[in-house]
Amino acid sequence: MKTMSKATGNNKDMDDLIAKLAGQLEPVKRFPHPLKLALIWLGIVAIYMGFVIAILGVRADIATQLQSSEYLFEIALSLSLSLSAGFAVLWLCIPDMRGQKWMIMPPIVLLLALMVWIALRTTFDTFHIPQNFWNHCSSESLLFAVVPSISIFLLSWKGKTTHHWLLPFMTALAVGGMGYAGLRATCLSEDLGHILMYHTAPYFIFAFLATLLGQRLYRW
Amino acid sequence: MGPANNNQNKTQNERWTELAALAQEGDSRAFSTLLKDIVPFIRSVLSGTLSNQDWIDDITQDVLISVHKSLHTYSPDRPFRPWMTAIISFRRTDHLRKYYRNRQDKHTSLGDKEFLAGHVTNVDIAGELKDVEAALGKLPEKQRKVFTMLKIEGYSAKEIANEMGMSVSAVKVSAHRAMKKLKQDLG
């Protein structure tokens, strides 16, 4: 009998809640298609990257580097990591990802490929880890990250994600991949220690902080 | 699943899709009908993995609020059910995460009749449970804490070892001794 009265009470609560939610309903503006947002982000990032590279100056040996298949492979890998992660972010900010859950996989596979590539280079190339934690490339890595991270956050923030951890992590991959490619296009150094310390580590720190902060910012 | 059921599901999905599209335009009656319609579905999904009725009610209410909050992210050219199922799964995980994060704060006496009614299948053995509680009370504090965390609250020996600054084997020995004493006490 007690259970029955409890169930009746719960049903009443549910009816009250439904009446309240229906009473508060207002017409809503539909969230834009993720592809549209992704293309906007891509446009913003392309213009910004062009602007930053123009300010910092393209590396002096770019013509030689563009002949190198290793360099081209690395740039292509980091750019495709960035683009696939950026696109994934804008689908991840919708509860069911519009049925496109496969989009999580390409950035993860490309990240692993980039890590394997860097790990392979550590076995073939001699390198030393720099003693200084800060270098002009560290500040440039931040410069490359500013607009891509802010713009992707603003575009995805009004969505309602059901992936609090994955979304900020993908944001970090999108920003990191783009920044890495940007730094490889502007910095002359081919020393692996320099690349690990100043081109890669800042984005790992950024990924860690973004994931911690993002899961609060995207909570709803 | 037979063709009749498939047809029924298709009709239900289409109906929800239409109601959600109307709700996005501000039709509160359609929204109210939609929410009433989806409550049994939400409950049935949750019942598949949760046995606590209070949790099911709480999460169902959370899902309704979430549907209201995120209605703008729904696209009527997609079926409504996968969108809602993603929200149900998210809210269930969120609820369980909060519960397990705070579980060390949740203590109750075995004399709490309301708790027993909700969590113990056979309330008639509540008297015996009180004997267990009394026997636990006689154990040295450290042993009682180890035993409670390991056997009642479900922590692993490693977690307890970290929490109490003991080795894993010391935790196991302590729990074993506690169990032996309880057996002696309870006959």
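If you're wondering where the values come from, they're calculated on a predicted model, not measured in any experiment.

Reading the values: rules and limits
- Residues numbered from 1 in each chain as written.
- Chains lettered and ligands numbered in written order.
- Predicted model: local features only at pLDDT ≥ 70, side-chain atom pairs only at ≥ 80, totals over all residues.
- Contact = placed C-beta atoms within 7 Å.
- Nonpolar A, V, L, I, M, F, W, Y, C, P; charged D, E, K, R; others polar.
- Helix = DSSP H or I, 4+ residues; strand = E, 2+ residues; numbered from the N terminus.
- pLDDT = per-residue confidence, 0-100.
- Axes fitted to C-alpha atoms, helices over the stretch in contact; angles between N-to-C directions.
- Parallel < 35°, antiparallel > 145°, perpendicular 65-115°, else oblique.
- Left-handed = near helix turned anticlockwise from the far one by under 90°.
- Buried ≥ 20, exposed ≤ 12 C-beta atoms within 10 Å, placed from the backbone.

1. Here we look at the interface of chain A and chain B
Piece 1. Facing 24 residues of chain A, the contacting portion of chain B comprises 27 residues.
Piece 2. Of the residues belonging to the side of chain A that touches chain B, the class tally is 13 nonpolar, five polar and six charged.

2. What about unusual backbone geometry?
Negative phi values dominate among residues other than glycine, just as trans dominates among peptide bonds.
All names here are of chain A.
Piece 1. One non-glycine residue, Met97, lies in the positive phi region at around 55°.
Piece 2. Its location among the elements puts Met97 in the loop between helix 4 (69-92) and helix 5 (105-124).
Piece 3. Of note, the phi angle at Arg98 is positive, near 50°, even though the residue is not glycine.
Piece 4. If you trace the backbone, Arg98 turns up in the loop between helix 4 and helix 5.

3. Here we look at the confidence of the model for chain B
Piece 1. Averaged over every residue, the pLDDT of chain B is 84; residues scoring 70 or more account for 83%.
Piece 2. The lowest-confidence element of chain B is helix 5 (residues 113-119) of chain B, averaging 68 in pLDDT; the highest-confidence one is helix 2 (residues 28-47) of chain B, averaging 93.

4. Considering the packing of helix 7 (residues 166-186) of chain A against helix 8 (residues 192-217) of chain A
All names here are of chain A.
Piece 1. Relative to each other, helix 7 and helix 8 sit at 160°, their axes nearing to 8 Å. As judged from the angle between their axes, helix 7 and helix 8 are roughly antiparallel. Relative to helix 8, the crossing made by helix 7 is right-handed. On the side of helix 7, the interface is formed by Leu167, Pro168, Phe169, Thr171, Ala172, Val175, Gly176, Gly179, Tyr180, Leu183 and Arg184, while helix 8 contributes His199, Thr200, Tyr203, Phe206, Ala207, Ala210, Thr211, Gly214 and Gln215.
Piece 2. Here the contact of helix 7 with helix 8 is built from residues that sort into eleven nonpolar, eight polar and one charged.

5. A look at the packing of helix 2 (residues 34-56) of chain A against helix 7 of chain A
Residues and elements named next belong to chain A.
Piece 1. For the pair helix 2 and helix 7, the least separation of the axes is 10 Å and the interaxial angle reads 30°. Viewed along their axes, helix 2 and helix 7 adopt a mutual orientation that is roughly parallel. Like other packed secondary-structure pairs, helix 2 and helix 7 cross with a definite hand, here right-handed. Touching Val45, Met49, Val52, Ile53 and Leu56 of helix 2 are Met178, Gly182, Ala185 and Thr186, all from helix 7.
Piece 2. Split into classes, the residues belonging to the contact of helix 2 with helix 7 amount to seven nonpolar, two polar and no charged.

6. Let's talk about the environment of Ala161 of chain B
Residues and elements named next belong to chain B.
Piece 1. For Ala161, the position within the fold is in helix 8 (residues 157-164).
Piece 2. Residue classification places Ala161 among the partly exposed positions, given that 18 C-beta atoms sit within 10 Å.
Piece 3. Residues Ala161 and Val146 lie 15 residues apart in sequence; the distance between their C-alpha atoms is 8.9 Å.
Piece 4. Excluding its chain neighbours within four sequence positions, the residues that come into contact with Ala161 are Met166, Ser167, Val168 and Val171.

7. Considering the environment of Ile87 of chain B
Piece 1. Structurally, the position occupied by Ile87 of chain B is in helix 4 (residues 80-101).
Piece 2. The exposure class of Ile87 of chain B is buried, given the 23 C-beta atoms found within 10 Å.
Piece 3. A sequence separation of 20 residues divides Ile87 of chain B from Val67 of chain B, and the C-alpha atoms of the two residues are 7.6 Å apart.
Piece 4. With residues near it in sequence (within four places) discarded, Ile87 of chain B still touches Pro95 and Thr162 of chain A together with Val63, Ser66, Val67 and Ser70 of chain B.

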